[in-house]
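# Structural characterization, general
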Amino acid sequence: MASEEDDDPIIQEIDVYLAKSLADKLYLFQYPVRPSSMTYDDVTHLSAKIKPKQQKVELEMAINTLSPNYCRSKGEQIALNVDGTTSEDSNTYSVKMMDKQTFTSIQSTTNTSRYAAAVFRKGELHITPLQGILQMRPSFSYLDKADGKHREREAANEGGDSSQDEVEEDVKAVTVRFSRPESDQARQRRILSYDFLQKKQAEEPWVYLHYHGLNVMRRSHALFSDLCESKSLEYLAMLMPPITEEKMPVGPSNVLSMAQLRTLPLGDQVKTLLKNVKVIPFANLMGLLTPGTDSTAVLRCIQQVALLVQGNWVVKSDVLYPKNSCSPHSGVPAEVLCRGRDFVMWRFTQERSVMRKEVTLLPEDVKDFLEHMAVPRINRGWEFLLPSDSDFIKKHPDVAQRQHMLWIGIQSKLEKVFNFSKEDLVSKKDPQTEAMHVSGEQRLKAAHERARQNQPSLQKDLSARRQGKGGAGPSGGAAVRVKEEPVSDGEDEPMDTSSSSSALPNGLVNGYPSAATSAALNPHNGHGGTPMPSPSPELRDFVWNMFRKQHVLTLSEVKRLFNLHLASLPPGDSLFHSISDRLLQDTILMSHCKQILVPFPAQSTAAADEQKVFAVWETGETFDKHRQVLYEIFMKNYRVRRNVIQTRLTQEMGDQVTKDDVDRLLKECCVSFGGMWYLKGTLQS
């Protein structure tokens, strides 16, 4: 016996713990109709419910109706058979299409005393007994509902035909009989009958559950909190390990968490954030720092690692490219990279847009500079990433002036390196005044002030003209009336022609010019400046026809369709030459369209152009009111159910709203996925 133990030595001893806190709630689900490689982990679970006494579970899962393997005609036919043609809240399929399926459980075994779920962690095995093992299979109860609908229709038809010829039968006497007392044997047979068991099972109420996927931390927390209670002290130490002095990070890192970031000194926090984001408004920076941080101290720190460009802070070049480093793309020394990047930043202090060819470096390095602080625009180069923050400049004029002096020094250095001419430098606008967009109200006040100053000279000039033309009075002919309105000099009043930072440029509010910008849009108003070019009739016709056909489009989709249209034109056709994003949006808004401010979720991956949604607002049809109600719904929720849309239409339009109207509206403006409706272009794949 001793020799046998020596031949089979003990390699490792493992402590086994029995945990019972989840023993009456732990179930094992099996899906026998699908292989293990095709799981339901990524499928949207719409609802879950359980009858604990019967160990019966039902799961509702969405069907991907956009899949190429989905037969749309079959889905619509099944929904028609089940729900009929009526639209009610009790319908199984609210979108008139089979967009979900139900899984019902059956017990795989009634004796689960030999089964358990185990977790092996840190050399310990924690075991929890299973309450049940359930096999989830597709439920076809909707077919029973369809058969029931069919039988009801047949009964109604037969009843309607026979009721015409029926003759009222004579009244007959009814004999009342009392049943004999039920014997024990009869009672036992009735209890064991199928109908009685079905009735008892139906009496147990459903308990509705919240479904959590595999990656949700709640289930992991519940599982690990079930570890053996006998080791509560060790488990508590595992959850809350003793605090140890951690070494401070040597430098900023892209993977530094916000909790770790706030342990750094204020200067390192600002430097780390600027190195990661590259460009940031001051208000956003204050929001990322610890609440209660002194703004004056932040201003002192940020001026050491960043420069002010159009009211926003851009990280300095020598912070991104330290001394003795080089470009990862071309191997160019850090000194050359800093000069090129400083030139790009200086150009953005002069203009909203910069052309890539202005920088004489390798394309990879130039693209790296520009992607940090700008976005590409069609036929307009690279536009600065953020709108000008004039509020910061007004609130901190001393900081703005100090930064202006720094840019003057950088400009003199760049002049020596790139051999600028004096005329080029003089013609540029002041770096900080470019960042401050002058509003229409400010221009109007300036014009009134000049008119007051020029009033004496204008009155004197007018009197001299009247005296010189005194012969042309009532007896000599009709007097010439001079308009007593001062005309502002275009050279004295600067006109802001840079691109607007608002979502609706050129002062257009949903396609209609506002009063503050009507003068800027009218080239004959007597004021100087260069108005934005108006869209050509061909461009307006193209945009109008496109929206009449599609009804709802994102800016990204408009640009894609526009580029396809340009590609279809014959070579050499310059009809749509130099169409910018701004002009394209203006054309959309002037074509009886509006921007629909869809509240995208915070975790949305949609690009900026994909989140700009435009829809035709007025076409002259009576159906315009239906579309406007729909757009108002989507301004509050980015996805809704059909019954919500139908209820709102009924409230606004009355009972004359029909099912065909709702179907037409959804077909024109929306797409469906997982039982929910989205505006076209807002559903992310």
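All of these numbers come straight from a predicted model, not from anything done at the bench. (Residues numbered from 1 in each chain as written. Predicted model: local features only at pLDDT ≥ 70, side-chain atom pairs only at ≥ 80, totals over all residues. Heavy atoms only, no water.)

If you tally the helices and strands in the chain, you get 26 helices and 22 strands. Burial statistics for the chain: of 685 residues in total, 34% are counted as buried. Within the chain, contacts between residues at least 6 apart in sequence are counted, and of these 67% link residues at least 24 apart. With an accessible surface of roughly 43,500 Å², the chain has 53% of that area assigned to carbon and sulfur atoms. (Helix = DSSP H or I, 4+ residues; strand = E, 2+ residues; numbered from the N terminus. Buried < 20%, exposed > 50% of the residue type's maximum accessible area, 1.4 Å probe, protein only. Contact = heavy atoms within 4.5 Å. Areas by Shrake-Rupley, 256 points an atom, 1.4 Å probe, with all protein chains shown as cover.)

The next subject is the nonpolar core. In terms of nonpolar packing, the biggest core is built from 53 residues, with Phe547, Ile596, Tyr631, Cys669, Cys670 and Leu679 touching the most fellow members. Leaving out residues up to four positions away in the same chain, Leu679 has contacts with Val552, Ile596, Val598, Val613, Phe634, Cys669, Cys670 and Val671. If you look at the next biggest cluster of nonpolar residues, it comprises 51 residues, including Phe348, Phe369, Trp407 and Leu414. (Core = buried A, V, L, I, M, F, W, Y, C linked by side-chain atoms within 4.5 Å.)

For the rest of this paragraph, the subject is the state of the cysteines. Under the defined criterion, the tally for this structure stands at zero disulfides. You can see Cys670 has no disulfide; the closest cysteine sulfur is in Cys669, sitting 5.8 Å from it. (Disulfide = S-S within 2.5 Å.)

As for its placement among the helices and strands, Tyr208 is situated in strand 9 (residues 207-209). Given a relative accessible area of 60%, Tyr208 falls into the exposed group. Sequence-wise, Tyr208 and Lys49 are 159 residues apart; in three dimensions their C-alpha atoms are separated by 4.2 Å.

Moving on: the confidence of the model for the chain. Overall, the prediction assigns the chain a mean pLDDT of 76, with 75% of residues at 70 or greater. Predicted confidence is poor over residues 425-437, with pLDDT under 50, and the contacts of this stretch with residues over four places away or in other chains come to 37 contacts. Scored below 50 in pLDDT, residues 469-530 shows 84 contacts in the model against residues more than four places distant or in partner chains. (pLDDT = per-residue confidence, 0-100.)

All right, on to the sheet that holds strand 2 (residues 27-30) then. A sheet is described by the order of its strands in space; here six strands give the open sequence 2-8-5-4-3-9, paired in mixed fashion. Where the open sheet ends on each side, the last strands, each with one partner, are strand 2 and strand 9. Pairs of neighbouring strands in the sheet enclose a mean axial angle of 25°, with direction left out of account. Pairing of strand 2 with strand 8 (residues 132-138), which is carried by four bridges, proceeds in the parallel orientation. Following the sheet pairing, Phe29 is matched in strand 8 by Leu134. (Pairing = 2+ DSSP bridges. Axes fitted to C-alpha atoms, helices over the stretch in contact; angles between N-to-C directions.)

Moving on: unusual backbone geometry. One non-glycine residue, Lys278, adopts positive backbone phi at about 70°. Mapped onto the elements, Lys278 comes out in the loop between helix 9 (266-277) and strand 10 (279-280). A positive phi angle is found at Asn324, which is not glycine, with a value near 70°. Take Asn324: it is sitting in the loop between helix 12 (317-320) and helix 13 (334-350). On the accessibility criterion, Asn324 (78% relative accessible area) is exposed.

So, about the pairing of strand 5 (residues 100-109). With five bridges joining them, strand 4 (residues 56-62) and strand 5 adopt antiparallel strand pairing. Within the sheet, the bridge partner assigned to Leu59 lies in strand 5 and is Phe103. With six bridges joining them, strand 5 and strand 8 adopt antiparallel strand pairing. By the bridge assignment for strand 8, Phe103 is matched with Pro138.

Our focus in this paragraph is the packing of aromatic side chains. Using the criterion set out here, one finds eleven aromatic pairs in the structure. Between Phe140 and Tyr142, the aromatic rings sit 6.2 Å apart at their centres with planes inclined by 55°, giving tilted as the arrangement. Of the residues examined, Phe140 reaches a relative accessible area of 48% and is grouped as partly exposed. Through a chain of ring-to-ring contacts, the aromatic side chains of Tyr31, Tyr40 and Phe103 assemble into a single cluster. Directly above the aromatic system of Trp617 lies the positively charged group of Lys594, at a separation of 4.1 Å from the ring centroid. (Phe/Tyr/Trp six-rings, centres within 6.5 Å; stacked < 30°, edge-to-face > 60°. Lys NZ or Arg CZ within 6 Å of the ring centre and 35° of its normal.)

The next point concerns the pattern of salt bridges. Taken as a whole and judged by the stated rule, the model has 22 salt bridges. Between Asp609 and Lys559 there is a salt bridge, and its shortest N-O distance comes to 2.7 Å. One end of the pair, Asp609, is in the loop between strand 19 (593-596) and strand 20 (613-616); the other, Lys559, is in helix 22 (residues 555-568), with 50 residues separating them in the sequence. Of the residues examined, Asp609 reaches a relative accessible area of 17% and is grouped as buried. Among the salt bridges present, the one from Arg664 reaches Glu621, with a minimum N-O distance of 3.5 Å. Remark: Glu621 occurs in the loop between strand 20 and helix 24 (624-634) and Arg664 occurs in helix 26 (residues 659-669); sequence separation between them is 43 residues. Residue classification places Arg664 among the partly exposed positions, given a relative accessible area of 36%. Shared partners join several salt bridges into a network, and the residues in it are Arg352, Arg377, Glu383, Lys559, Asp581 and Asp609. (Salt bridge = Lys/Arg side-chain N within 4 Å of Asp/Glu carboxyl O.)

What follows is about the packing of helix 22 against helix 23 (residues 581-589). Across the interface, helix 22 lies against helix 23 with an axial gap of 11 Å and an inter-helix angle of 105°. By the angle between their axes, helix 22 is roughly perpendicular relative to helix 23. Here Leu555, Val558 and Lys559 of helix 22 lie close against helix 23, whose contacting residues are Asp581, Leu584, Gln585 and Ile588. Per-class residue counts for the contact of helix 22 with helix 23 are four nonpolar, one polar and two charged. (Parallel < 35°, antiparallel > 145°, perpendicular 65-115°, else oblique. Nonpolar A, V, L, I, M, F, W, Y, C, P; charged D, E, K, R; others polar.)

Turning our attention to the sheet that holds strand 11 (residues 306-309). Across the sheet, three strands lie side by side as 10-12-11; this open sheet has antiparallel pairing. Looking at the sheet topology across the chains shown, the edges are occupied by strand 10 and strand 11. Note that strand 11 and strand 12 (residues 312-315) share four bridges and pair antiparallel. Bridge pairing in strand 12 links Ala306 to Val315. Helix 11 (residues 295-305) rests against strand 11 and strand 12 of the sheet, and its axis sits at about 45° to strand 12.

Before going further, it helps to examine helix 9. With twelve residues, helix 9 extends 17 Å from end C-alpha to end C-alpha; this agrees with the ideal 16 Å at 1.5 Å per step. By the burial criterion, the buried members of helix 9 are Gln269, Val270, Thr272, Leu273 and Leu274. Phi turns positive one or two residues past the end of helix 9, at Lys278, with a value near 70°. (Expected span 1.5 Å × (residues − 1).)

So, about the side chain of Lys559. Since its relative accessible area comes to 16%, Lys559 is described here as buried. Those residues in contact with Lys559 that lie beyond four places of it in its chain are Ile378, Asp581, Leu584 and Asp609.

Here we come to the side chain of Gln310. Inspection of the secondary structure puts Gln310 in the loop between strand 11 and strand 12. Owing to a relative accessible area of 1%, Gln310 belongs among the buried residues under this scheme. A polar side-chain atom of Gln310 sits 2.6 Å from the main-chain carbonyl oxygen of Phe348. At a separation of 3.3 Å, a polar atom in the side chain of Gln310 contacts the main-chain carbonyl oxygen of Glu351. (Polar contact = N/O pair within 3.5 Å; in protein donor to acceptor, adjacent residues only side chain to side chain.)

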